[in-house]
Amino acid sequence: MKGASLPGVLTAGALVALAGCTSNETTADNAIAVTSSDTACEVSSGQAPSGTLTFNVTNAGAQVTEFYLLAEDGLRILGEVENIGPGLRRDLVLAVPPGKYLTACKPGMTGDGIRAEFTITDSGADLAATGQFAEQIQQAADTYAFYVKDQAEQLVADTDDFVEAYLAGDDDRARALYAPTRMHWERIEPVAESFGDLDPKLDLREADLEEGQDWTGWHRIEKDLWPPVDYRPMSPAQRQKISKLLVADTATLLSRVADQTYRADQLGNGAKELLDEVATGKVTGEEEAWSHTDLWDFQANVDGARVAFDALAPVVQGKDPELAQMLESRFDDVQAALDQHRKGDGFVLYTDLSPNQVKRLAASVDALAEPLSQLTATVVT
Amino acid sequence: MSAVSRRRFLGLIGAGAATAAVGATAAVAVSRDQADALADAVPFFGSHQAGILTPAQDRLHFAAFDLTTERRDDVIRMLRAWTDAAAAMTAGLEVGEFGATAGPYDAPPQDTGEALGLPPSGLTVTIGFGRSLFTDSSGGDRFGLAGHLPAGLIELPTFPGDTLDPARTGGDIYVQACANDPQVAVHAVRNLARLGFGTATVRWSQLGFGRTSSTSAAQATPRNLFGFKDGTANVKAEDPDANTSVWVQPADGPQWMVGGTFGVARRIRMTIETWDRTSLREQEAIFGRTKVDGAPLSGGDEFTEPDFGAMGRDDVPLIAMDSHMRLAHPSRHGGVRMLRRGYNYTDGSDGLGRLDAGLFFLAYQRDVRTSFLPVQQMLARSDTLNEYIRHTGSAVFAVPPGVAEGGYIGQALFEA
């Protein structure tokens, strides 16, 4: 199968952006070979027609190398591949408008690199160039950062209410608050999970425990509120202890996200990861083993993914309108599928769903997740 | 050997290429190419059981059995019958005195017959004993073997993320049948199961359709269903430490296990649909290798030793700290190695429109406690691959040493 990668497979989205150019070209036809040694940077051609370009960069040296395509000023980076170990090969794929550029290999990853001029001739391709949407991407990142912080703040506030009810022994109220409160967590799950120490403290499921490991966080309390038979309820002192930890760890989360900034690829990958969460944890009913409130989490994951996509939508719209439209409609489809299971302010329990209903939900998630996995490459290329 | 030759049948229809140098019946010297080598017989008898250091065949049928008898003699009788049948089948012969197409016309054939016309296909049948053969769940002695339970035949702890299905976990006796033809492997398990009726029933079984390991330097490293070459640093038959990594040594004890090995099987479901949506960057970072040829991200080719200290931009390790290769590498575990012999599997779909597919992991080692156990503890805790896998089945078993012709597998245990 080696070498059989067609651009249609590689970047389903990028192709659409090339409407108007010869879109049946293969990557290989357009590919430029770059050999980076410790002392030289051989580029197989000094020019290429505008469009989506692929540089096959091979590191023939003994040091780790990088390859850049720079603007004529030698400062602005249009695209880069980094961390190419000796003997390894990596592709740089990017969309470039006509003009003068510089290529640069950087063996040892220091200095200005070994540079050469590179010309992009006008092929007539109507394309949105890599880097063209820098401003919109920055706006998207700012929007998303604000959203994450806002959700973390709401999580802190709602956790306080939840803990108050739980400690007062008002279990009915605690049960009612459990799922809506957790939605704030689930909306920003990829960010929360990126803090490797906090995630297990707050969101570990019983099945993920190691022998002898302390079980804390939401799911520990979940089990106490929806006890299985033969379960020994927590004492008031135990409830105190676990609640205190929950509040403290949630406060830490808020302080960590307060000044966090995000890159476009983090937004795109975050959206994809949220759908993965739905596909593997929620649609299977594994996340909320005791409360069965998986559909709340499902909704929250979709919310978070949608926010990331909406923030990036102007960029996607500019680069690949067809992908933008498809994601729009598939997000709507998932929401419509989920809305069928609304009940009161929330949803029916996972255990109330028939196998066919679960299957329909899973299909709508997969239908969205597949094109959503193109989001990052579309935005950053 | 009182079995009708499957080979003789072959001779009649003119497919003589399958002959192996094993056995005396109707052997025809034919020049062989590599395809014939895959069809050849692997000797069954010897000081070690075959199917461990044997170059990994392409297909697997693995079966776990529960004993239904309470009589020790029944177990011995079955092991004798299994040994005879396995010796016949691995040589490309039929099971039983009359085989598949002869014998009393009003009796069902002794051999089930679906392997007629097929060469030995490198079939190996490897038999192992689960902990529950020695003691029952309350520690009771089932067959007078409790005193011979090897200390190394442990129960695995619950690893983080385990979602073990009881219907795919555990068993009293295990059979690993490997062959280069799936029908030959299935034929082996089917006939042993038949011989076991009244003494043992199949608890669960697993088909594997493609090897994921190379156990010989002559074999290329195959790919798992993630599309990666994994286990490049596997124990290979040619390695100087192969024997001491795999086989129980005299000093290890118990005596009846010397020349044997300990097996671990894990059914590892892959959530391949979410994996397929993951960027190449992340896929390679998770494994710590390139996808194209399996080279470590620190550079070189597949067999270049990974340089875990190699740094990329901003002094971030080229091979991520939580990558699969770094965590599983022998250098992280005191140099202890195990021989992996796993298979890709696909068992249809899961009802949600996703393939039930993954890796049926098999590993053999001198001591589970110093090899599989610490490696899996580390992987279960930190491996970034965990997001894409679930362990759904498990088994640990003691593989006794091989026997000479006339003996039966497990004889040293029952006569210990």
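The residue count restarts for each chain, going from 1 along the sequence in the order it is written. Chains carry letters from A onward and ligands carry numbers from 1 onward, assigned in written order. Where totals are concerned, whole chains, interfaces and linings use all residues; where local detail is concerned, this predicted model gives features only for residues with pLDDT of at least 70, and gives and counts side-chain atom pairs only at 80 or more. Hydrogens and waters are ignored; side-chain quantities use all the structure's heavy atoms.

Some details on the overall build of chain A
Keep this limit in mind: Per the convention used, a helix needs a DSSP run of H or I reaching at least four residues, while a strand needs a run of E reaching at least two, with both numbered from the N terminus. Exposure categories follow from relative accessible area, calculated using a 1.4 Å probe and restricted to protein chains: below 20% of the type maximum is buried, above 50% is exposed, and the middle band is partly exposed. Between two residues, a contact is recorded if the distance between any of their heavy atoms is within 4.5 Å. Computed with the Shrake-Rupley method and a 1.4 Å probe, the accessible areas treat only the protein chains shown as cover for residues. Charged residues are defined narrowly, with Lys and Arg counted positive, Asp and Glu counted negative, and His plus the chain ends left uncounted. By convention, the charge on Lys lies at NZ, on Arg at CZ, on Asp at CG and on Glu at CD.
From N to C terminus, chain A includes 14 helices and eleven strands. A principal-axis box enclosing the C-alpha atoms of chain A has dimensions of 75 × 40 × 40 Å. Considering chain A as a whole, with its 381 residues, one finds that 51% of them fall into the buried category. Once local pairs closer than 6 in sequence are excluded, the contacts in chain A between residues at least 24 apart make up 69%. Counting only carbon and sulfur atoms, one obtains 50% of the accessible surface of chain A, whose full area is about 16900 Å². Across chain A, the 31 positively charged side chains and the 62 negatively charged ones have centroids separated by 3 Å.

Here we look at the pattern of salt bridges
Our working rule: Within this document, salt bridges are pairs made up of a side-chain nitrogen of Lys or Arg and a carboxyl oxygen of Asp or Glu, the two lying within 4 Å of each other.
Inspection of every chain in the model, using the stated rule, returns 49 salt bridges over all chains. Residues arginine 342 of chain A and aspartate 339 of chain A are paired through a salt bridge, measuring 3.0 Å at the closest nitrogen-oxygen approach. Judged by its relative accessible area of 41%, arginine 342 of chain A falls in the partly exposed class. Aspartate 339 of chain A sits in the partly exposed class, given a relative accessible area of 36%. Between arginine 277 of chain B and aspartate 366 of chain A there is a salt bridge, with its nearest N and O atoms 2.9 Å apart. With one member in each of two chains, arginine 277 of chain B in the loop between helix H7 (272-276) and helix H8 (280-287) and aspartate 366 of chain A in helix H13 (residues 355-372) form a pair that bridges those chains. Accessibility expressed as a relative area gives 5% for arginine 277 of chain B, which makes it buried. Three or more residues joined by partner-sharing salt bridges are found here, namely Arg182, Glu186, Glu189, Asp203, Arg205, Asp208, Glu277, Lys282, Glu287, Glu288 and Asp297 of chain A.

Section: the packing of aromatic side chains
Stated formally: When the centres of two rings from Phe, Tyr and Trp lie within 6.5 Å, Trp using its six-membered ring, the rings pair. Their planes under 30 degrees apart give stacked, over 60 give edge-to-face, and anything left gives tilted.
If you walk through the whole model with that rule in mind, you get 30 aromatic pairs over all chains. With a centroid separation of 4.9 Å and an interplanar angle of 45°, the aromatic rings of phenylalanine 162 of chain A and tryptophan 218 of chain A are classed as tilted. Of this pair, phenylalanine 162 of chain A sits in helix H4 (residues 134-167) while tryptophan 218 of chain A sits in helix H8 (residues 218-225), placing them 56 residues apart in sequence. Put simply, the rings of Phe62, Tyr174, Trp204, Phe360, Tyr364 and Phe397 of chain B touch in pairs and so form one group of aromatic residues.

Some details on the sheet that holds strand S6 (residues 77-84) of chain A
Residues and elements named next belong to chain A. Operational definition: DSSP bridges decide pairing: two strands pair if at least two such bridges lie between them. Whenever a helix is involved, its axis is fitted only over the stretch in contact; in every case the axis is a line through C-alpha atoms, and angles between N-to-C directions fall within 0 to 180 degrees.
Reading across from one edge, S3-S9-S8-S5-S6 is the order of the five strands in this open sheet, with mixed pairing throughout. In this open sheet, the two edge strands, each paired with only one partner strand, are strand S3 (47-49) and S6. On average, adjacent strands in this sheet sit at an angle of 20° to one another, irrespective of strand direction.

So, the nonpolar core
Short version of the rule: Here, nonpolar core refers to any group of buried Ala, Val, Leu, Ile, Met, Phe, Trp, Tyr and Cys residues whose side-chain atoms link them within 4.5 Å.
Membership of the largest hydrophobic core comes to 78 residues, with the highest contact counts inside it found for Phe162, Phe298 and Leu375 of chain A. Here this core gets 13 residues from one element, more than from any other, and that element is helix H11 (residues 294-319) of chain A. In terms of nonpolar packing, the next biggest core, distinct from the first, is built from 75 residues, Leu79, Leu118, Ala188 and Ala357 of chain B among them.

Quick look at empty space enclosed by the protein
Empty space left among the atoms is revealed by rolling a probe the size of a water molecule over them. Residues and elements named next belong to chain B. Here is the rule: Cavities and pockets were defined on a 1 Å grid built from protein atoms only: a cavity is a group of points that admits a 1.4 Å probe but offers it no way out, a pocket is an open group of points flanked by protein on both sides within 12 Å along at least five of seven lines, and a lining residue is one with an atom within 4 Å of any such point. Grid points are joined across faces, edges and corners, and a volume is the space filled by probe spheres set on the points.
By the definition in use, this model includes four cavities of 30 Å³ or more. Looking at the largest cavity, its volume works out to about 540 Å³. Lining the largest cavity are 39 residues, and of these Asp230, His324, Arg340, Leu359 and Phe361 lie nearest its centre. Going through the elements one at a time, strand S6 (261-270), helix H9 (324-328), strand S9 (355-365), helix H10 (372-382) and strand S10 (389-399) are the ones with two or more residues in the lining of the largest cavity. Among the elements that make up the lining of the largest cavity, the one with the highest residue count is H10 (five residues).

Remarks on the packing of H4 of chain A against H11 of chain A
Residues and elements named next belong to chain A. Just so we agree on the cut-off: Any angle that falls under 35 degrees is termed roughly parallel, while one over 145 is termed roughly antiparallel, one within 65 to 115 roughly perpendicular, and all others oblique. Handedness of each helix crossing follows the sense of rotation of the near helix against the far helix: counterclockwise by less than a right angle gives left-handed, clockwise gives right-handed. Under the grouping applied here, Gly and all other residues not named as nonpolar or charged are polar, the nonpolar ones being Ala, Val, Leu, Ile, Met, Phe, Trp, Tyr, Cys and Pro and the charged ones Asp, Glu, Lys and Arg.
Here H4 crosses H11 at 160°, and the two axes come no closer than 8 Å. Comparing their axes, H11 and H4 come out roughly antiparallel. The element H4 and its partner H11 pack so that their crossing is right-handed. Note on element contacts: H11 touches H4 through Asp303, Gly304, Val307, Ala308, Ala311, Leu312, Pro314 and Val315, opposite Gln136, Ile137, Ala140, Thr143, Tyr144 and Tyr147. Considered class by class, the residues forming the contact of H4 with H11 number ten nonpolar, three polar and one charged.

A short note on the sheet that holds strand S7 (residues 89-96) of chain A
Residues and elements named next belong to chain A. With mixed pairing, the four strands of this open sheet are ordered in space as S2-S1-S4-S7. Strand pairing shows two members of the sheet lacking a second neighbour, strand S2 (41-43) and S7, which therefore form its edges. Neighbour-to-neighbour, the strand axes of the sheet open up by a mean angle of 20°, direction not taken into account. Two strands pair when backbone bridges link them, and strand S4 (residues 51-59) and S7 are joined in this way by eight bridges, in the antiparallel orientation. Across the sheet, the residue bridging to threonine 58 is arginine 89, located in S7.

Some thoughts on the interface of chain A and chain B
Rules: Summed over both partners, the accessible surface that disappears when two parts come together, traced with a 1.4 Å probe, is what is meant by buried area. The term polar contact refers here to a pair of N or O atoms within 3.5 Å; inside protein, the definition further demands a hydrogen-donor-capable atom paired with an acceptor-capable atom, and it admits residues adjacent in sequence only when both atoms are side-chain atoms.
Counting residues at the interface gives 32 residues for chain A and 31 residues for chain B. For the pair chain A and chain B, the summed buried area comes to about 2600 Å², and 46% of that belongs to carbon and sulfur atoms. The interface formed by chain A and chain B includes eight salt bridges. Of the charged contacts in the structure, one is a salt bridge between arginine 390 of chain B and glutamate 286 of chain A, with a shortest N-O distance of 3.1 Å. Where chain A meets chain B, there are 16 residue pairs in polar contact (both at pLDDT 80 or more). If you tally residues by element for the side of chain A that touches chain B, the top one is H13 of chain A, at six residues. In the side of chain A that touches chain B, the residues fall into twelve nonpolar, six polar and 14 charged.

Side note on H4 of chain A
In an α-helix, one full turn covers 3.6 residues, which means residues spaced three or four apart are oriented alike. Spelled out, the test is: Here the expected length of a helix is defined as 1.5 Å per residue gap, with one fewer gap than residues.
Between the first and last C-alpha of H4 of chain A there are 49 Å, a value that for 34 residues agrees with the 50 Å anticipated at 1.5 Å per step. The positive-phi residue at the C-terminal boundary of H4 of chain A is glycine 169 of chain A, with phi of around 80°.

Points about the pairing of strand S1 (residues 32-36) of chain A
Residue and element names in this part refer to chain A. Of the two faces of S1, only the one carrying Ile32, Val34 and Ser36 is buried; Ala33 and Thr35 on the other face are not. The pairing of S1 with S4 spans five bridges and is classified as parallel. Bridge pairing in S4 places isoleucine 32 opposite phenylalanine 55. As paired elements, S1 and S2 share three bridges and run antiparallel to each other. Considered in S2, the bridge of threonine 35 is made with glutamate 42. Counting the residues that bridge the hairpin from S1 to S2 gives four residues.

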